[in-house]
Amino acid sequence: MLKVDNLEVAYGNIKAIKGITLEVNKGEIVTLIGSNGAGKSTTLRAISGLLKPRSGSITFNGERIDGVEGHEVVKKGICHSPEGRRIFPRMTVEENLDLGAFLRNDKEEIATDLERVLTLFPRLRERIAQRAGTLSGGEQQMLAVSRALMGKPTLLMLDEPSMGLAPVLVDMIFETISAIRDQGITILLIEQNASAALEVADRAYVLESGSVKMSGSAKDLRKDDQVTKAYLDRKSTRLNTSHIPLSRMPSSA
Ligand code: ATP
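Everything quoted here is computed from the prediction, not taken from an experiment.

K.L.:
Can you break down the layout of surface pockets residue by residue, with the values?
P.N.:
Roughly 680 Å³ of volume is contained in the largest pocket. As for the largest pocket, its lining consists of 29 residues, and the residues nearest its centre are Val74, Cys79, His80, Phe102 and Arg147. Ranked by the residues each element gives to the lining of the largest pocket, the list is headed by helix H2 (residues 70–75), at four residues. Quantified by volume, the second largest pocket comes out at close to 270 Å³. Along the wall of the second largest pocket there are 15 residues; nearest its centre are Arg116, Lys152, Pro153, Gln183 and Ile185. Per-class residue counts for the lining of the second largest pocket are six nonpolar, five polar and four charged.

K.L.:
Summarise the side chain of aspartate 113; cite the residues concerned and give the values.
P.N.:
Along the chain, aspartate 113 falls in helix H4 (residues 107–120). With a relative accessible area of 8%, aspartate 113 lands in the buried category. Dropping the residues within four chain positions of it, aspartate 113 is found in contact with Arg104, Met150 and Lys152.

K.L.:
A description of the site of the ligand should follow, citing residues and the corresponding values.
P.N.:
Around the ligand lies a shell of 14 residues, among which Gly37, Gly39, Lys40, Ser41 and Thr42 are the nearest. Measuring from a nitrogen atom of the ligand, one finds a side-chain N or O atom of tyrosine 11 at 3.4 Å. Lysine 40 is positioned with one of its side-chain polar atoms (N or O) 2.8 Å from an oxygen atom of the ligand. Burial of the ligand by the protein amounts to 64% of the accessible area it has alone, namely 630 Å². Per-element tally for the shell around the ligand: the top contributor is helix H1 (residues 40–47), with four residues. A class-by-class count of the residues in the shell around the ligand yields three nonpolar, six polar and five charged.

Criteria and cut-off values
- Residues numbered from 1 in each chain as written.
- Predicted model: local features only at pLDDT ≥ 70, side-chain atom pairs only at ≥ 80, totals over all residues.
- Heavy atoms only, no water.
- 1 Å grid on protein atoms, 1.4 Å probe; cavity = no way out; pocket = protein on both sides within 12 Å on 5 of 7 lines; lining within 4 Å.
- Points joined across faces, edges and corners; volume = space filled by probe spheres on them.
- Helix = DSSP H or I, 4+ residues; strand = E, 2+ residues; numbered from the N terminus.
- Nonpolar A, V, L, I, M, F, W, Y, C, P; charged D, E, K, R; others polar.
- Buried < 20%, exposed > 50% of the residue type's maximum accessible area, 1.4 Å probe, protein only.
- Contact = heavy atoms within 4.5 Å.
- Near = heavy atom within 4 Å.
- Polar contact = N/O pair within 3.5 Å; in protein donor to acceptor, adjacent residues only side chain to side chain.
- Areas by Shrake-Rupley, 256 points an atom, 1.4 Å probe, with all protein chains shown as cover.

Structure representation (structure tokens):
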């Protein structure tokens, strides 16, 4: 469904992504994990057309999308719930959700999708007329995910959906991610909570300093001693790959 091949992205002179290759197959939950600054958000920004790659290619359903404008990428079926929520605080919950659907004109389906997200997140139904800026952090996170869903994605990209949430809400967000996949939406997930991400995902890529250092099924990575040690040894739940010997890394790393 999505193929990223040898992608390079830079901010001025800073090379943030140094030749990443990854793929996401239809129906999968794939997670990108890695320490701060590894290049996870930059990868998603390049896929969603917010950043132009320096080189490499991004193919979605067989069509090149690198260099395509962000709104065109949304029309092709990729919606992005960015890091830091980015909801519109002065607008109501309903207006934020309407904005998620602004490129669509299938009114009846929009109403069905609105009903679907409000069923996924009943809290938002209760707060539908409330200004988004008055929502709690967890509710804003739910709104950001819901707004992305209102774009009717076939591929939903979530950037740290559990960030800053209380444990009970973290569990709820991960259950919802599974439920969204069960509705037929493919998911590319960035998570600081590597342990929870590996529980919910089918496959994972471990990024470090702009490169893929490791990849495999989430099940195998969860069982991998080095991976387990790498994140259990740290207070932070972010995955630290510095303990993983280079011999275990793929040759492209
Ligand atoms: P985090 O979880 O901390 O956001 P990340 O893996 O998502 O980490 P990115 O945000 O993609 O990492 O950052 C990758 C690299 O690009 C980092 O070195 C970061 O400092 C740099 N970077 C990110 N955004 C910008 C920007 N707007 N301008 C310049 N450099 C940037």
